[in-house]
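Fold and geometry: a report
The chain contents come next:
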Number of protein chains: 2
Amino acid sequence: MRHLPVSELLSTALGEAEFMRHIPRHRRVYEAIRKAILNQQLPPGSKLPSTRDLARDLSLSRNTILTAFQQLLAEGYVIAQTGSGTFVANTPPDSQLASEHRSTEKRHAGAGTLSSRAKKPAEHILRFSERGIRLTSRPAGRDFEIQPFAPGMADFSIFPFKLWQRLQNRYWRDAHTELLDYGGAGGYLPLRCAVAKYLRVSRSVNLTVDQVLITSGTQQSLNLCAQLLADTGDTAWVEDPCYWGARSVFEACDLRLHSVIVDNEGLSPQAADLQTAPRLIYLTPSHQYPKGVVMSLARRRLMLDIAERKQAWILEDDYDSEFRYAGRPIASLQGLDPYERVVYLGTFSKMLYPGIKIGYMVVPIALQEGFKTALYDLQRPGQMMLQAALSDFMEEGYFGTHIRKLRLLYGQRRELLLKTMQNVLGSAARISSEESGLHLVLELPREIDDVALARTAMEYNMNVRALSTYYLGNSPTRGLVIGYAYVVPEKIIFYGRLLANIVKAKIKP
Amino acid sequence: MRHLPVSELLSTALGEAEFMRHIPRHRRVYEAIRKAILNQQLPPGSKLPSTRDLARDLSLSRNTILTAFQQLLAEGYVIAQTGSGTFVANTPPDSQLASEHRSTEKRHAGAGTLSSRAKKPAEHILRFSERGIRLTSRPAGRDFEIQPFAPGMADFSIFPFKLWQRLQNRYWRDAHTELLDYGGAGGYLPLRCAVAKYLRVSRSVNLTVDQVLITSGTQQSLNLCAQLLADTGDTAWVEDPCYWGARSVFEACDLRLHSVIVDNEGLSPQAADLQTAPRLIYLTPSHQYPKGVVMSLARRRLMLDIAERKQAWILEDDYDSEFRYAGRPIASLQGLDPYERVVYLGTFSKMLYPGIKIGYMVVPIALQEGFKTALYDLQRPGQMMLQAALSDFMEEGYFGTHIRKLRLLYGQRRELLLKTMQNVLGSAARISSEESGLHLVLELPREIDDVALARTAMEYNMNVRALSTYYLGNSPTRGLVIGYAYVVPEKIIFYGRLLANIVKAKIKP
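Residues numbered from 1 in each chain as written. Chains lettered and ligands numbered in written order. Predicted model: local features only at pLDDT ≥ 70, side-chain atom pairs only at ≥ 80, totals over all residues. Heavy atoms only, no water.

Turning next to the sheet that holds strand β6 (residues 266-267) of chain B. Residue and element names in this part refer to chain B. Spatially, β3-β10-β9-β8-β7-β4-β5-β6 is the arrangement adopted by the eight strands of the open sheet, whose pairing is mixed. Two strands in the sheet have a free side with no partner beyond their single neighbour: β3 (212-215) and β6. Relative to strand β10 (residues 359-362), strand β9 (residues 342-347) is paired through four bridges, and the arrangement is antiparallel. From the neighbouring strand, Y344 faces β10, where its bridge partner is V362. The sheet contacts of helix α14 (residues 368-379) involve β3 and β10, and relative to β3 the element is tilted by about 15°. (Pairing = 2+ DSSP bridges. Helix = DSSP H or I, 4+ residues; strand = E, 2+ residues; numbered from the N terminus. Contact = heavy atoms within 4.5 Å. Axes fitted to C-alpha atoms, helices over the stretch in contact; angles between N-to-C directions.)

Structure representation (structure tokens):
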């Protein structure tokens, strides 16, 4: 009779568990017993009825009960003693260890020196680390991507879906199992070759295929560079203004950010900057983000010279140099580098679609093996099926065609936005005239609060970004960063006028 | 006549550049001039011939020359002075800045305190950071994946290619442009729902859909946890032995690793361990990697208790719990957690294919918004097309079928390997009998050098891993970690016998 309460308990529990109807019976029995143990309704040491008795009491098959018991046994909820039956395990933590643990705790709390963590407010103790608080308190990116004119966004509605589907299906149809693997050697070789060829011809990058690594995008490339090329507390020079995504990654790796001003020739380090020797120098020489400046040759040489003298690494983020609407794209800084001090970064997110998450790095020869190892150990890029389709897309000439198509489209949209806004604004505000990229910069007088202006624009369903928010330093230029690449012409005209009028009203109230 | 040398120079350069035949003419002119400037064959300040003269001298159209000049102008190689012509720019770095830079350099070198970096050997100065040297000097993963019996590998040759292709094509055919985007809200919602349902039913995880984030795999999930939940120098408790991939990520984030021994109930913290308060506790409770132990209920409660008292976070890596060949998978630690101190991590790499690079995290409610922000800012998961196909795969029942198929297959292979090796070894060595996972552990006597044994096996084309290499602490258990999941039966028999004989010869020479 000793087992009756258990059977009753379980019978009730099984009856109550409406939501478990779709779950197998043995699982329900398991859950009911498990819950009773955790509730202490079945205290440690109590004996369970035999499977035969329990099966009878619950009107279930004995196999069902057996399966449940085996599971409980495997998880340590119960123990089986040969010949005497099944008992609830001694679940509470070993008493000796638990008490030692508590006394250690007290000793620490009583000591004179409280750790810095102990001084933080209780809420933080429960949540993110100090770094985590910094990283999560600035929701920079997420709500960026609705409405006109969010910067950095490309138009992927003209993406050649049918063609891409066909290229992908080649590999899926033939069941290339080797392409399901992580891919350990720095990426799918034909893609690395296609990228090398493209970079050599179109970007004057100086490289062999071995130096090309396929990553899951620029954020991942930057993270790898920060972890492999810098130590915690090392200084990274960043442009001021700077791409927020790079800044976030460096902060996440606990690098010290030192911002250097950007003038009309690109990064412009002053004598004072040279006092803080950089370990990394993050640059967007082809098209400074967000200002749009092209770095001059003199400045390129200066940066290479500084990198060599300071034993620093230049990270050249060549994020959208394909989109130059007058003349050819600007040659890469990497191609000028006699010291092998440049790591070149690129991405397919702007040329194909953002979510493709395929990027590439060109690393100096001396680093290529180490980078390959760490890429695999720390990140594992994968997506070899996608890499295979992409390599065909490049090799068969579709990539070139697609870029030309996008360049034409974006060039027209840029012109349209520029004219639409200039018609309203006249000479009241200067709009950057760099003929490249996916956004324009509208410069505003110092006294205009660009953040408030962006907020006003948001009320009219426009997602522009205040130029000052890209700055780390104390004297930000005011302005608006206006992405046009993904906005259709009718919207460019409508919203462009609206935005220009909002700006005009602010400048001359 | 002043321009003739330039024309000759370019004429020669253009003639020589055989490899440039496939490049447009204006580009060849651009390259030739650019090279001459960089070589100082055209020194700063020298005047270029007019485009008309140059066109005539080189027998090219004037437009070709104009295009080349515009490019050179845009890149700052030349400057145009209205009315007087085009000149090579003053390319050397500003002399004032350069000289200040040099004197700063000297001052630093002369100072009494040399930085730690200055003391490193020259080779290192040129290469990785100290952290980078640590991370790249241990090529743990890359050459893992050839031949039998690399641990952790799954069999993806039975992957349902046709079905998967069909599911993917649904979305590609209908040109879902919104699925080409990064996806800012923590992943594709239907996939997050499917994962939540699966984890609730199969893994007893306690969650709402909002807590599920889709990442690009466990490495990325771990990196995010380390960056958001710990600060540089914080302590992470890791299992000893431990999964090397987790160790690498924590090291890359400069956490201090504190290894805690694993006994037959899982992680077994001693009183001394409690002196070093952890900020993160990395656990594989369902199936300790690589030993295979299931963490007991008492130990689970102890770990939750420690996490709550120490204000630490438990990272529960539930990497292969689906593959349990007797009984049901073990319920998650997260489901027992009353304190919301567990971050639960999973991956589709083992269940579908490694390169899919889709994983998931279940984060406590208090952290979900911050994690979503940082996931987007720092990593951007993307691959929404793949996420959509995967959510259909799960919702339409294929996932369950596939797992059952794999479980059957792997269970048979496990049995076959176990029997094959036991037949040769008899009682000479113990093989772990945990009926789960993708590998077996063969335990060896203390005096056997397992690293040498693995090296010998490699000579016979077997890629087993020495158990001792998974340990951080001083008293590693010797043994071999033997992956069987992806090895076909004929190879299991052939290589299993071979390996057992190699081991036998070593134990009783």
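All right, on to the interface of chain B and chain A then. Taken together, the 137 residues of chain B in the interface contact 137 residues of chain A. Buried surface at the junction of chain B and chain A, both sides included, amounts to about 12,200 Å², of which 51% is carbon and sulfur. Run the count over chain B and chain A and you get zero salt bridges. Per-element tally for the side of chain B that touches chain A: the top contributor is α14 of chain B, with 10 residues. (Buried area = accessible area lost by both parts, 1.4 Å probe. Salt bridge = Lys/Arg side-chain N within 4 Å of Asp/Glu carboxyl O.)

Residues and elements named next belong to chain A. Read from one edge of the open sheet, four strands run β11-β12-β14-β13, paired in antiparallel fashion. Of all strands in the sheet, those bounded by a partner on one side alone are β11 (430-431) and β13 (465-466). Judged from the six bridges that link them, strand β12 (residues 439-444) and strand β14 (residues 478-483) form a sheet pairing that is antiparallel. In the strand pairing of β14, L442 is matched with L480.

Another point: the packing of aromatic side chains. Residue and element names in this part refer to chain B. Inspection of every chain in the model, using the stated rule, returns 42 aromatic pairs over all chains. Ring centres of F250 and Y282 lie 5.9 Å apart, and the angle between their planes is 75°; on these two criteria the pair is classed as edge-to-face. Separated by 32 residues along the polypeptide, F250 in helix α12 (residues 244-252) and Y282 in strand β7 (residues 280-283) bring together distant segments of the chain. Like Y282, F250 is buried. An angle of 90° between the planes, with centres 5.4 Å apart, marks the rings of Y289 and Y319 as edge-to-face. (Phe/Tyr/Trp six-rings, centres within 6.5 Å; stacked < 30°, edge-to-face > 60°. Buried < 20%, exposed > 50% of the residue type's maximum accessible area, 1.4 Å probe, protein only.)

All right, on to the packing of helix α15 (residues 384-395) of chain B against helix α16 (residues 398-425) of chain B then. For any two helices packed against each other, the geometry comes down to the angle between their axes and how far apart the axes lie. All names here are of chain B. Between α15 and α16, the shortest axis-to-axis distance is 4 Å and the interhelical angle comes to 75°. Classified by the angle their axes make, α15 and α16 are roughly perpendicular. For the pair formed by α15 and α16, the contact residues are D392, F393 and M394 on the first element and Y398, F399 and H402 on the second. By residue class, the composition of the contact of α15 with α16 is four nonpolar, one polar and one charged. (Parallel < 35°, antiparallel > 145°, perpendicular 65-115°, else oblique. Nonpolar A, V, L, I, M, F, W, Y, C, P; charged D, E, K, R; others polar.)

On to unusual backbone geometry. Here the residue pair D240 of chain A and P241 of chain A is connected by a cis peptide bond, since its omega of 10° sits within 30 degrees of zero. In this structure, P241 of chain A sits in the loop between β4 (235-240) and α12 (244-252). If you check the backbone angles, E340 of chain A has positive phi at about 55° while not being a glycine. Along the chain, E340 of chain A turns up in the loop between β8 (313-317) and β9 (342-347). A residue is classified by how much of its surface remains accessible, and E340 of chain A, at 38% relative accessible area, is partly exposed. If you check the backbone angles, R380 of chain B has positive phi at about 55° while not being a glycine. Among the structural elements, R380 of chain B can be located in the loop between α14 and α15.

So, about the environment of L228 of chain A. Residues and elements named next belong to chain A. For L228, the location among the structural elements is in helix α11 (residues 218-229). Given a relative accessible area of 0%, L228 falls into the buried group. L228 sits 139 residues away from L367 along the chain, and the two C-alpha atoms are 9.6 Å apart.

With 158 residues, the main nonpolar core has W164 and F348 of chain A together with W164 and F348 of chain B as its most contacted residues. Looking at which element gives the most residues to this core, the answer is α16 of chain B, with 10 residues. Look past the residues within four positions of F348 of chain B in its chain and what remains in contact with it is V195, Y353, I356, I358, G359, Y360, L390, M394 and F399 of chain B. Counting residues in each nonpolar core, the second largest holds 86 residues, with L345 of chain A together with L255, L345 and V481 of chain B among its members. (Core = buried A, V, L, I, M, F, W, Y, C linked by side-chain atoms within 4.5 Å.)

Moving residue by residue along a regular strand, the side chains alternate between the two faces of the sheet. Residues and elements named next belong to chain A. Burial of strand β3 (residues 212-215) is two-sided: the residues V212 and I214 facing one way and the residues L213 and T215 facing the other way are all buried. Of the strand pairs in this sheet, β3 and strand β10 (residues 359-362) are connected by four bridges, and their pairing is antiparallel. In the strand pairing of β10, I214 is matched with Y360.

Residues and elements named next belong to chain B. In the structure shown here, the tally under the stated rule is 38 salt bridges over all chains. Ionic pairing is found between E415 and R414, a salt bridge with its closest N-O pair at 3.1 Å. By relative accessible area, which is 3% here, R414 ends up buried. Among the salt bridges present, the one from K419 reaches E415, with a minimum N-O distance of 3.2 Å. In this pair, K419 and E415 both sit in helix α16, four residues apart, roughly one turn of the helix. Under the relative-accessibility criterion, K419 is labelled partly exposed at 49%. For E415, a relative accessible area of 33% gives the class partly exposed.

Our next topic: the relation of the copies chain B and chain A. When chain B is fitted to chain A, the residual RMSD is 0.1 Å, and the transformation amounts to a turn of 180° plus an axial shift of 0.0 Å. Classification of the inter-copy transformation places it as that of a two-fold axis. By C-alpha distance to the rotation axis, the residue of chain B lying nearest is C253 of chain B, at 3.3 Å. Same-surface contact between copies: 100% of interface residues of chain B are shared with the interface of chain A. (Least-squares fit on C-alpha atoms with pLDDT ≥ 70 in both.)

Here we take up the confidence of the model for chain A. Residue and element names in this part refer to chain A. Of the residues in chain A, 87% have a pLDDT of 70 or more, and the chain-wide mean is 84. Per-element averaging of pLDDT across chain A places helix α6 (residues 116-119) at the bottom with 35 and strand β7 (residues 280-283) at the top with 98. In the model, residues 92-125 has pLDDT below 50 throughout and makes 39 contacts with residues more than four positions away in sequence or in other chains. Confidence over residues 140-144 falls short of pLDDT 50; this stretch has 19 contacts with residues more than four positions distant or in other chains. Scored as a whole, the predicted complex attains pTM 0.80, and scored at its interfaces, ipTM 0.78. (pLDDT = per-residue confidence, 0-100.)

Our focus in this paragraph is helix α18 (residues 489-507) of chain A. An α-helix turns once every 3.6 residues. As a result, residues three or four positions apart point the same way. Residue and element names in this part refer to chain A. The first and last C-alpha atoms of α18 sit 26 Å apart over 19 residues, in line with the 27 Å expected at 1.5 Å per residue. When we look at burial in α18, the residues that qualify are I492, Y495, G496, L499, A500, I502, V503 and I507. What you see down the axis of α18 is that its buried residues fit within an arc of 160°, all on one side. For α18, the exposed residues set more than 90 degrees away from the buried face come down to E490 and F494. Close packing links the buried residues of α18 with α16 (398-425), β12, α17 (450-459) and β14. (Expected span 1.5 Å × (residues − 1). Arc of directions from axis to C-beta.)

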